[in-house]
Amino acid sequence: MERFDKQSDNVKGALILMLAAFGFSMMVTMIKLAGQHLPVAQILFVRQLGMTLMLGPVLFKSFPGAFHTGQLPLQFARIALALVAMSCGFTAVIHMPLAEATAIAFAKSFFVTIFAVLILKEVVGLYRWSAVIVGFLGVMVMLRPGAEGFSIYGVMALVGAACAGLVMVIIRLLSRTDPPSTILAFQAIGVGLVMAIPAFIQWVPPTPGEWALLAGIGVVSYYSQKANIYAFSYGEASLLASLDYVRLIYATLFGWLLFSELPGVSTWVGAGIIVTASIYTVHRESRRKQHLASGPSGRGFSSH
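A.B. asks: I keep staring at the overall build of the protein chain and nothing clicks. Help me out?
C.D. replies: Along its length, the protein chain carries 13 helices and zero strands. Start at the N end of the protein chain and walk to the C end: the helices and strands fall as α-α-α-α-α-α-α-α-α-α-α-α-α. Within the protein chain, buried positions represent 47% of all 304 residues. For the protein chain, the accessible area works out to roughly 15,600 Å², and carbon and sulfur atoms hold 70% of it.

Here it is, written out as structure tokens:
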């Protein structure tokens, strides 16, 4: 810890982000392993139940304030979209190579740009629109519509990315009035309650090993999200968002070691296009914010 404390904030953030990325990659790997025998609804329900239990002390201390919101319709919309995002994303992870599902999920950043324009009325220039178009071309390279290798699970991964992107925009709206604990509480408990019925209907008795996987999914999800939050509290968002693509390396490694999956040429090419376009989008966003913060006379001001 002494050596860690001596590092710059960006280095601290980067180190913590590497741990978070490793944790998220472990999470999807365990989901893929559990999904060989258990239905997605059951995995998702147990995951949300585990996260709710770990959030219990925080929710108990702030009860009933944690559930007080001035934007209930938006909270419900976020629950519904998170439900679709996770259901589609988990299904894609189970049925697709890990590296391919992970790469398509990174298309979320392009959907954030699109929905930010449509909903938040943000102004996006030619360069960022170009990056979005190029990024979707990368997705098409991976999905190969009309080709023999086309898979419906690739489309589900893309739908999951779109819903995740819309969730990010809704969180921006919610964060204007609701604290993070309220946003997290509605999502964790809301998705769990919705999934309780389909999980009960489709319930498959897990083996002891599968129970360990389900418990691991909940624990790793919780701590990976906490690590991700801590990372962004230390480092610059533009730097860390670019480094987050290390998940693709972890996913490729886990896919190779545990499932004998090696990405094909189209996966590497498409993933390269997506990652490059995404990093460029993050870079342009960082430049825009720096320009707005500096102002014409060097005085800082906020764009929103």
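A.B. asks: Explain helix H6 (residues 108-119) to me, please; I cannot follow it from the model alone.
C.D. replies: The α-helix winds at 3.6 residues per turn, so residues separated by three or four positions along the chain end up facing the same way. In a regular helix each residue adds 1.5 Å, so twelve residues correspond to 16 Å; H6 covers 16 Å between its end C-alpha atoms and thus fits that length. Looking at H6, one finds that the buried residues are Phe-110, Phe-111, Val-112, Thr-113, Phe-115 and Ala-116. Downstream of H6 by a residue or two, Lys-121 has a phi angle that is positive, lying close to 60°.

A.B. asks: Help me understand the packing of aromatic side chains in this model?
C.D. replies: The relative placement of two aromatic rings is captured by the distance of their centres and the angle of their planes. Taken as a whole, this structure holds seven aromatic pairs when the rule is applied. Considering the side-chain rings of Phe-111 and Phe-136, the 5.1 Å spacing of their centres and the 75° angle between planes classify their relative orientation as edge-to-face. Of the two residues, Phe-111 sits in helix H6 while Phe-136 sits in helix H7 (residues 126-143), which places them 25 residues apart along the sequence. Between Tyr-222 and Tyr-223, the ring centres sit 5.1 Å apart and the planes meet at 85°, which makes this aromatic pair edge-to-face. Ring pairs connect the aromatic residues Phe-110, Phe-111, Phe-115 and Phe-136, which therefore count as one cluster. For the cation-ring pair, Lys-32 lies above Phe-259, with the distance from its terminal atom to the ring centre recorded as 5.2 Å.

A.B. asks: Honestly, the packing of helix H2 (residues 9-34) against helix H4 (residues 72-95) in this entry has me stumped. Any pointers?
C.D. replies: Between two packed helices, what matters for the description is the angle formed by their axes and the separation of those axes. In the contact formed by H2 and H4, the axes pass within 8 Å of each other and the chain directions differ by 70°. Classified by the angle between their axes, H2 and H4 sit roughly perpendicular to one another. Listed contacts from H4 to Val-28, Ile-31 and Lys-32 of H2 are Phe-90, Val-93, Ile-94 and His-95. Grouping the amino acids of the contact of H2 with H4 by side-chain chemistry returns five nonpolar, one polar and one charged.

A.B. asks: Please explain the nonpolar core as it appears in this structure.
C.D. replies: Among soluble globular proteins, nonpolar side chains are generally buried collectively. Counting residues in hydrophobic clusters, the biggest one holds 77 residues, and the most contacted among them are Ile-31, Ile-43 and Val-191. Counting five residues, the second largest nonpolar core, distinct from the first, contains Leu-55, Leu-59, Ala-188 and Tyr-222.

A.B. asks: Any chance you could explain the side chain of Thr-102 here in plain terms?
C.D. replies: Summarising the element assignment, Thr-102 is placed in helix H5 (residues 98-105). Reaching out from Thr-102, the side chain makes a polar contact with the backbone oxygen of Leu-98 at a distance of 2.8 Å. Excluding residues within four positions of it along the chain, Thr-102 makes contact with Arg-247, Leu-248 and Ala-251.

A.B. asks: What am I meant to see in unusual backbone geometry here?
C.D. replies: Residues apart from glycine generally show negative phi values, whereas peptide bonds are mostly found in trans. Its identity is not glycine, yet Ser-260 carries a phi of approximately 55°, on the positive side. By the secondary structure assignment, Ser-260 is in the loop between helix H12 (246-259) and helix H13 (265-294). Accessibility expressed as a relative area gives 65% for Ser-260, which makes it exposed.

A.B. asks: Looking at this structure, I do not really get the pattern of salt bridges. What am I missing?
C.D. replies: Any two side chains of opposite charge can pair, given that their charged atoms come close. All told, the structure shown has one salt bridge when counted by the stated rule. Across the pair Glu-261 and Lys-32 runs a salt bridge whose closest N-O atoms are separated by 3.3 Å. Taken together, the residues Glu-261 in the loop between H12 and H13 and Lys-32 in helix H2 connect sequence positions 229 residues apart. The pair formed by Glu-261 and Lys-32 is uniform in burial state, with each residue classed as buried.

A.B. asks: What should I look at first to understand the environment of Pro-39 in this one?
C.D. replies: If you trace the backbone, Pro-39 turns up in the loop between H2 and helix H3 (40-62). For the pair formed by Pro-39 and Thr-91, sequence separation is 52 residues and the distance between their alpha carbons is 9.1 Å. Excluding anything up to four places from it in sequence, Pro-39 contacts Gln-202 and Val-204.

Conventions we followed
- Residues numbered from 1 in each chain as written.
- Predicted model: local features only at pLDDT ≥ 70, side-chain atom pairs only at ≥ 80, totals over all residues.
- Heavy atoms only, no water.
- Helix = DSSP H or I, 4+ residues; strand = E, 2+ residues; numbered from the N terminus.
- Buried < 20%, exposed > 50% of the residue type's maximum accessible area, 1.4 Å probe, protein only.
- Areas by Shrake-Rupley, 256 points an atom, 1.4 Å probe, with all protein chains shown as cover.
- Expected span 1.5 Å × (residues − 1).
- Phe/Tyr/Trp six-rings, centres within 6.5 Å; stacked < 30°, edge-to-face > 60°.
- Lys NZ or Arg CZ within 6 Å of the ring centre and 35° of its normal.
- Axes fitted to C-alpha atoms, helices over the stretch in contact; angles between N-to-C directions.
- Parallel < 35°, antiparallel > 145°, perpendicular 65-115°, else oblique.
- Contact = heavy atoms within 4.5 Å.
- Nonpolar A, V, L, I, M, F, W, Y, C, P; charged D, E, K, R; others polar.
- Core = buried A, V, L, I, M, F, W, Y, C linked by side-chain atoms within 4.5 Å.
- Polar contact = N/O pair within 3.5 Å; in protein donor to acceptor, adjacent residues only side chain to side chain.
- Salt bridge = Lys/Arg side-chain N within 4 Å of Asp/Glu carboxyl O.

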